[in-house]
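Breakdown of the fold
So you can see what is in the structure, the chains are spelled out below.
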Amino acid sequence: MKIFVVGAGATGSVLINTLAGQKEVERIFCVAKNKRIAAEFVKSHPKVKIFGADVADRTKMEKFAKGSDLVINAASPWLNVPILKLALRVHAHYQDLEAYLGLDDGRSKMPYRIEHLSFDKEFRKQRRVALFDAGVAPGLTNLLVAEAQEVLGNLKNVSIRLLEDLQASAYISTWSPSAAIDEVYSRPVVYRNGKFSILKRFSDPEEFNFPKPFGRHTTYAIMNNEAFTIPQYLSVGKIEVRSAGCDDEAARIMVALGLLEKKPMRIRGITLTPLEFTMRIMRQPPTPKELKRLVATGVVRDGYFAFFIEATGPKKRKIAYWVPFPSQKTLFKKDIHSTYVAHPAGTCAAVFALEIPHIQKYGTMPPEVLPKDNRERILKRIKQFGINVKTR
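The structure contained in this document is the topic of the report that follows. Here the structure is a predicted model, which is why all the values come from computation and not from measurement.

With that settled, the discussion passes to the nonpolar core. With 83 residues, the main nonpolar core has I3, L19, I28, I72, L140, V158 and F307 as its most contacted residues. The element best represented in this core is helix α13 (residues 342–355), accounting for eight residues. With residues near it in sequence (within four places) discarded, V158 still touches V145, V236, K238, I239, E240, I309, E310 and A311. By size, the runner-up hydrophobic cluster in this structure holds 20 residues, among which are M61, L88, F119 and F123.

Turning to the packing of α13 against helix α14 (residues 372–384), a few remarks are in order. Relative orientation of the contacting elements α13 and α14 amounts to 135°, with a least axis distance of 10 Å. Here α14 runs oblique to α13, going by the angle between their axes. Here the hand of the crossing between α13 and α14 comes out right-handed. The segment α13 lies against α14, with C348, V351, F352, L354 and E355 engaging N374, R377, I378, R381 and I382. The residue makeup of the contact of α13 with α14, split by class, is six nonpolar, one polar and three charged.

Empty space among the atoms becomes visible once a probe the size of a water molecule is rolled across them. The calculated volume of the second largest pocket comes to roughly 390 Å³. For the second largest pocket, the lining is made up of 23 residues, of which N17, K43, I336, H337 and S338 are closest to its centre. Broken down by secondary-structure element, the contributors of at least two residues to the lining of the second largest pocket are α1 (10–20), α2 (35–41), α11 (288–296) and α13. Looking at the lining of the second largest pocket element by element, the count peaks at five residues for α1. A per-class count over the lining of the second largest pocket returns eleven nonpolar, nine polar and three charged.

Let's shift gears to the pattern of salt bridges. Oppositely charged side chains can pair when the atoms bearing their charge come close. By the definition in use, this model includes 19 salt bridges. Residues R107 and D105 are paired through a salt bridge, measuring 4.0 Å at the closest nitrogen-oxygen approach. According to the relative accessible area criterion, R107 is exposed, its value standing at 68%. On the basis of relative accessible area, D105 is assigned to the partly exposed category, the value being 31%. For R377, the salt bridge identified is with E355, shortest N-O distance 2.9 Å. With a gap of 22 residues between them, R377 in helix α14 and E355 in helix α13 connect regions that are remote in the sequence. The partly exposed category is assigned to R377, whose relative accessible area is 36%. Note on E355: relative accessible area 3%, which makes it buried. Among the charged side chains, a salt-bridge network with shared partners connects R161, D204, E206, E240, R242 and E310.

We now examine the sheet that holds strand β2 (residues 27–32). If you trace the seven strands from one edge of the open sheet to the other, you get β3-β2-β1-β4-β5-β6-β17, paired in parallel fashion. Edge positions in the sheet fall to β3 (48–52) and β17 (363–365), since each of these pairs with one other strand and no more. On average, each strand axis in the sheet is inclined to that of its neighbour by 15°, with strand direction left out of account. With two bridges connecting them, strand β5 (residues 93–96) and strand β6 (residues 129–131) associate as parallel partners. From the neighbouring strand, Q95 faces β6, where its bridge partner is L131. Along the sheet face, helix α3 (residues 58–65) touches β1 (2–6), β2 and β3 and points at about 150° away from the line of β1.

Once that is clear, we can look at empty space enclosed by the protein. Following the criterion strictly, the structure yields one cavity of 30 Å³ or more and no others. By volume, the largest cavity is sized at about 40 Å³. Lining the largest cavity are L166, I172, T174, L291, V300, Q328, T339 and Y340. Per-class residue counts for the lining of the largest cavity are five nonpolar, three polar and no charged.

Turning our attention to the pairing of β3. In terms of strand pairing, β2 meets β3 through five bridges, oriented parallel. Counterpart to C30 in the pairing with β3 is I50.

Calculation rules
Residues numbered from 1 in each chain as written. Predicted model: local features only at pLDDT ≥ 70, side-chain atom pairs only at ≥ 80, totals over all residues. Heavy atoms only, no water. Core = buried A, V, L, I, M, F, W, Y, C linked by side-chain atoms within 4.5 Å. Buried < 20%, exposed > 50% of the residue type's maximum accessible area, 1.4 Å probe, protein only. Helix = DSSP H or I, 4+ residues; strand = E, 2+ residues; numbered from the N terminus. Contact = heavy atoms within 4.5 Å. Axes fitted to C-alpha atoms, helices over the stretch in contact; angles between N-to-C directions. Parallel < 35°, antiparallel > 145°, perpendicular 65-115°, else oblique. Left-handed = near helix turned anticlockwise from the far one by under 90°. Nonpolar A, V, L, I, M, F, W, Y, C, P; charged D, E, K, R; others polar. 1 Å grid on protein atoms, 1.4 Å probe; cavity = no way out; pocket = protein on both sides within 12 Å on 5 of 7 lines; lining within 4 Å. Points joined across faces, edges and corners; volume = space filled by probe spheres on them. Salt bridge = Lys/Arg side-chain N within 4 Å of Asp/Glu carboxyl O. Pairing = 2+ DSSP bridges.

Any functional reading would require information that these geometric values do not contain.
Spelled out as structure tokens, the structure:
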């Protein structure tokens with residue numbers, strides 16, 4: 001495989017570093033806005049070459065992507081559309097880690113849509129795959145819901161609960177500020193009895209006992225893609241995504257204080273919105289070197305990411321999947337200087353990328369519609385990378 005990757009930050013670098021070590025991969029060309037910063041994240045490897053360029057530079061992008069079998073957007077979901085078009089122009093498969101479902105204006109009854117669908121016909125015509133939401137959550141979560149349907153048949157109820165918790169004496173970003181803020185600002189969507197509903201942010205706290213060693217946490221409904229995309233591909237009566245952990249509690253406080261509001265205010269002769277202020281003070285995720293220092297000095301003690309999926313089928317039959325990912329301490333013991341969130345996202349994305357040449361159906365699709373043989377190979381390889389899916 002010849003792979004072209006847009007983005008080499010916290011998650012993109014894990015994707016690139018993982019793919020570079022696979023025998024199926026011949027070379028990886030990567031485009032980053034800041035080549036110097038990208039070089040701090042991406043390990044030096046003979047298969048990998050980094051180019052500094054802007055995605056808006058169509059000529060350069062086509063030059064670097066030409067001859068690639070697969071084009072991956074590992075930068076930002078806001079760039080999906082131009083990179084989808086780039087993949088079509090160079091006749092390559094496409095992948096991203098998260099679909100951008102649209103901007104929530106806070107008033108619309110349904111502000112979300114799947115942007116990839118308008119490209120389905122062109123990808124089918126070129127006999128190419130455009131796999132979206134192919135990361136960890138969304139991504140691995142979607143695939144496991146499809147596995148649950150394989151076991152139970154029509155799904156009556158699906159609940160996806162995420163746990164993301166950082167033990168640190170300072171605020172550390174694990175996602176880009178724009179992506180993190182968009183997730184919090186967007187009102188949650190749930191699917192019930194054939195209809196989508198929009199909930200008020202942080203309006204429905206619910207206690208949940210996660211498996212050991214995590215225990216009881218307060219979860220909140222959040223805007224995560226699975227609740228919107230899965231009902232459009234699988235037969236499900238109800239689905240929701242909930243989240244718990246320090247990031248949710250920090251976000252809940254920001255929402256309560258109005259720090260994500262877009263109404264301009266004037267302070268000492270300066271006009272700005274609370275959202276602009278919040279975006280300005282939020283830091284980018286730490287580089288591997290910065291993260292190493294934060295761990296060594298005790299600022300970051302540990303960090304955890306896991307998810308629990310419960311599915312109910314006919315006659316009250318149930319199945320659950322528990323997926324705890326390596327903690328921050330565990331990663332550092334293995335000399336992996338990536339965050340506890342970026343590592344599973346980039347690793348899962350790499351596994352999806354390696355499977356794309358084996359997908360025999362074409363067009364735009366999320367992981368939940370992949371054929372059974374593709375799902376089985378993905379789960380097998382994910383286990384080889386140290387991600388353990390526990391069935392209950």
